[in-house]
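Coordinates in review
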Amino acid sequence: MNQICHNPLENSQYIEVIDLLSYPIAIIDSAGVIRLVNSSWKEFACFKHFNISNWIGIDYLQLCSQGSQTCIPQSLKKILNQDIDYIKIEYHCEDKDCNHFFQLSANKIRINDTDYLMVSHEEVLAKEELIKSQQRLSIAVNAAQIGIWDYDLKTQSLHWDSWMYKIYGICPNQTQAAYNVWENSVHPEDLAQAVDDFNKAVRTGENFESEFRIIRGDGEIRHIQASAKVITDSQRIAIRLVGTNIDITQTKKSETKIYELAYFDQLTKLPNRRLLEDRVCQSLVLNRKLKSYASLLFVDIDNFKSVNALNNHNVGDQVLRALADRISSNIELEATACRLSGDKFMVFLPHISNDKLEAMKHVKSIARKLIQKIQMPLTLNSTAFKLTASIGMTLFNGEAVYIEDLIKQAELAMYKVKESGRNNISFYDPQMQIEILQRKQMENDLERAVLNDEFNLFYQAQVSNHSGVVGAEALLRWFHPEQGIISPDKFIPQLEETGLIVLVGEKVLHDGCKKLQQWASIPEFSQLTLSVNVSSAQLLHEGFSSYVIQLVSQFKIKSGKLKLEITESTFIENIDATIAVMNELASVGVQFSLDDFGTGFSSLSYLKSLPLTELKIDKSFIKDIIKDGSDMAISQTIVNLANSLKFDVIAEGVECAEQQYLLHQIGCNNYQGYHFNRPAEADEFEAFAKNYNKQLRPKPAGAHEQCLTHQSQLRA
Ligand code: C2E
Ligand code: CA
Ligand code: CA
């Protein structure tokens, strides 16, 4: 029999009603047989595995008992047999990849005087999940401060959520979102690009991505990252864009900060070495292609240490900033000025000329200009500074070289300027590289010399007008196995650079103290003092004072016999540490003489705070003292200064009697120089001292006597 014929609900209006509902609905009779289903029921995923094409007439209770939802028939039976009108049960149904949670509702209904049950299924958790995920999304969108917009291309209507209004600084009560509102907000400089990006997305249907600045309602400029998905119709024509705007101003700022930190010097705001290297690297490729010359200029400020030493570092920083300004504002636009470190700057001139000579000429003119500008008096907080610079230059045209090598070349040329008196310019010359190799060779030789103890002390007399030879200065000599005797000017700087000076200096002090002990036991020499030169690296080296104190005790050195000669550069390095070391040593009777006095840049006020006992007038003032009035005046000033500070004073480099006489005239009665003896080995010096003191001490020669005459008289 055809079930449909017996189905009273078939062809009724109910089918139309329940078909309107989007969730699965079935109407079953009191026996549990399905009498009517809507379209959703037929599609309902949970029933798929039953593979039923016609649901009408199916025993629903029996069907459910076959499946895993046994709770359903039980509950349905309950409502059918008892006086209950309505039940709701939840069950779950496993699909391929996930669990679905459903709610079954059954209502008793009466149709044409017959009782039926209307059964419906609804996916519950999915709904809750949706709400939850919508909530999550909204929280996330809020937390991330993302603005959401929706633009309908057909109606040209733009919808902004509340964050869009906040980002754009627009009050929704006053201005409603519209395309022209957006356009008016975009920074004029970025508008064309932003509109272009937008139109391209509309044209191609590809996602819209753009970055632009906006000028907010309050005038503040913000960086925006915009993106959107383009929704197209069936003909792939864009009809709508839904997207976001994110305010990335902070990120932009951090990016800029990171870039600045990575590529710029924080003190002067000039590019740093890294940026310079990048620019040189880029330029090299072009130089090669265009066959053009470029140049690097290494600018080192002369004696900058003294600026820091005599003022606080704050002032030093201000001076560096001012110098950075002078350097960067006196080079052409395409050039780069950078600060390498401390007082070292570098200027890079790309693509100067294709002609080498012309390029050199141009570089020289720039370097000279920089020298001039740096030299100009600089006044900061009413302190006047006069600075000079040494500039080394190198020229290159894209040949395969390492940038470090180019910088090194310019640096070498700069050192050449320093060696020949500073405040000048010099081009790199391959000969300099040879010198470097020689220096390297010397370094190896020196290491060997220290191991083999190839050093020895020479002694030069210190003569007093009244008492003859009163002491000596110990002067180091290197007995090189192949080159013979080498004088300290040639190797002391390198000993200092390599740190070997500490070891060699200890040997000098040891041998000197040993000599003092020997002299102490010989009546003719027992009054002699010994001056020992001490480098700043040595004096400030840890353990220096304890080493000297140990020698003083080991060799029983009497107070006042050992003098250490230091130069102004020593206390410029670190005044407090120097004073501490000096005081410690002064307490065991060690005296201090300030060597090369008058050539440094130190402030005279330091003299008061240092435990000095002697000033040594530098030989450069003595050299021309006879004919140069200003040398005479300087020497006189030093003598007066020594007298008023109650220091002894001695002149070095006294080569003739006339110089000795003039010095005597201005009140300097202690001398050292070739006029008396040349530095010699201990035996020779001792013989000289014995002889000199035995003879009638020569009186200072007459002012107009010839140096030569007097010397020959002395020798005779
Ligand atoms: P300095 O301390 O200024 O020593 C004086 C230099 O002048 C010595 O050169 C000496 O030989 C030279 N001299 C002496 N009398 C005359 C003169 O009448 N005319 C001229 N033109 N020069 C004269 P020297 O021995 O070549 O030493 C050069 C420098 O090497 C010294 O200058 C000192 O700074 C350094 N030095 C020497 N020995 C040592 C040492 O043991 N340790 C350290 N750290 N430096 C040393
Ligand atoms: Ca000296
Ligand atoms: Ca000296």
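Attention in this report is confined to the structure presented alongside it. (Residues numbered from 1 in each chain as written. Chains lettered and ligands numbered in written order. Predicted model: local features only at pLDDT ≥ 70, side-chain atom pairs only at ≥ 80, totals over all residues. Heavy atoms only, no water.)

Bringing the overall build of the chain into the picture now. In terms of helices and strands, the chain carries 28 helices and 26 strands. Against the 2.2 N^0.38 benchmark of 27 Å for 716 residues, the chain shows a C-alpha radius of gyration of 48 Å, more extended than a compact globule. With the C-alpha coordinates of the chain rotated into their principal frame, the extents come out at 160 × 60 × 50 Å. The buried share of the chain, taken over its 716 residues, is 46%. A separation of at least 24 residues holds for 58% of the contacts in the chain among residues at least 6 apart in sequence. (Helix = DSSP H or I, 4+ residues; strand = E, 2+ residues; numbered from the N terminus. Rg over C-alpha atoms; globule rule 2.2 N^0.38 Å. Buried < 20%, exposed > 50% of the residue type's maximum accessible area, 1.4 Å probe, protein only. Contact = heavy atoms within 4.5 Å.)

Another point: the coordination of the calcium ion (ligand 2). Taken together, Glu 473 (OE), Asn 533 (OD1), Glu 565 (OE) and Asp 595 (OD) make up the full set of protein donors to the calcium ion (ligand 2), lying 2.1 to 2.3 Å away. Sequence spacing among the residues donating to the calcium ion (ligand 2) works out to E-x59-N-x31-E-x29-D. Between the calcium ion (ligand 2) and the calcium ion (ligand 3), a separation of 4.0 Å is found, and both are coordinated by Asp 595. Within this pair, whereas Glu 473 is found in strand β19 (residues 468-480), its partner Asn 533 is found in strand β21 (residues 529-533), the two being separated by 60 residues in sequence. Glu 473 gets classed as buried once you look at its relative accessible area, which sits at 4%. The exposure class of Asn 533 is partly exposed, given its relative accessible area of 28%. (Donors = N, O, S within 2.8 Å, 3.2 Å for Na, K, Ca; no water.)

A separate point is the coordination of the calcium ion (ligand 3). Within the protein, the atoms that donate to the calcium ion (ligand 3) are Asp 595 (OD), Asp 596 (OD), Glu 652 (OE) and Glu 652 (OE), at distances of 2.1 to 2.5 Å. Written as a sequence motif, the donor residues of the calcium ion (ligand 3) are D-D-x55-E. Take Asp 595: its relative accessible area is 7%, and that puts it in the buried class.

Okay, unusual backbone geometry next. Its identity as a non-glycine residue notwithstanding, Lys 291 has a phi of 55°, on the positive side. Summarising the element assignment, Lys 291 is placed in the loop between α11 (273-290) and β11 (293-301).

The five strands are arranged β12-β13-β11-β16-β17 in an open sheet whose pairing can be described as mixed. The outermost strands of the open sheet, each flanked by one partner alone, are β12 (336-341) and β17 (425-427). Here the average twist between neighbouring strands, direction ignored, is 20°. The pairing of strand β16 (residues 389-396) with β17 spans three bridges and is classified as parallel. Residue pairing in the sheet places Met 393 in a bridge with Phe 427 of β17. (Pairing = 2+ DSSP bridges. Axes fitted to C-alpha atoms, helices over the stretch in contact; angles between N-to-C directions.)

What follows concerns the side chain of Ser 120. Structurally, Ser 120 is set in strand β5 (residues 114-123). With a relative accessible area of 11%, Ser 120 lands in the buried category.

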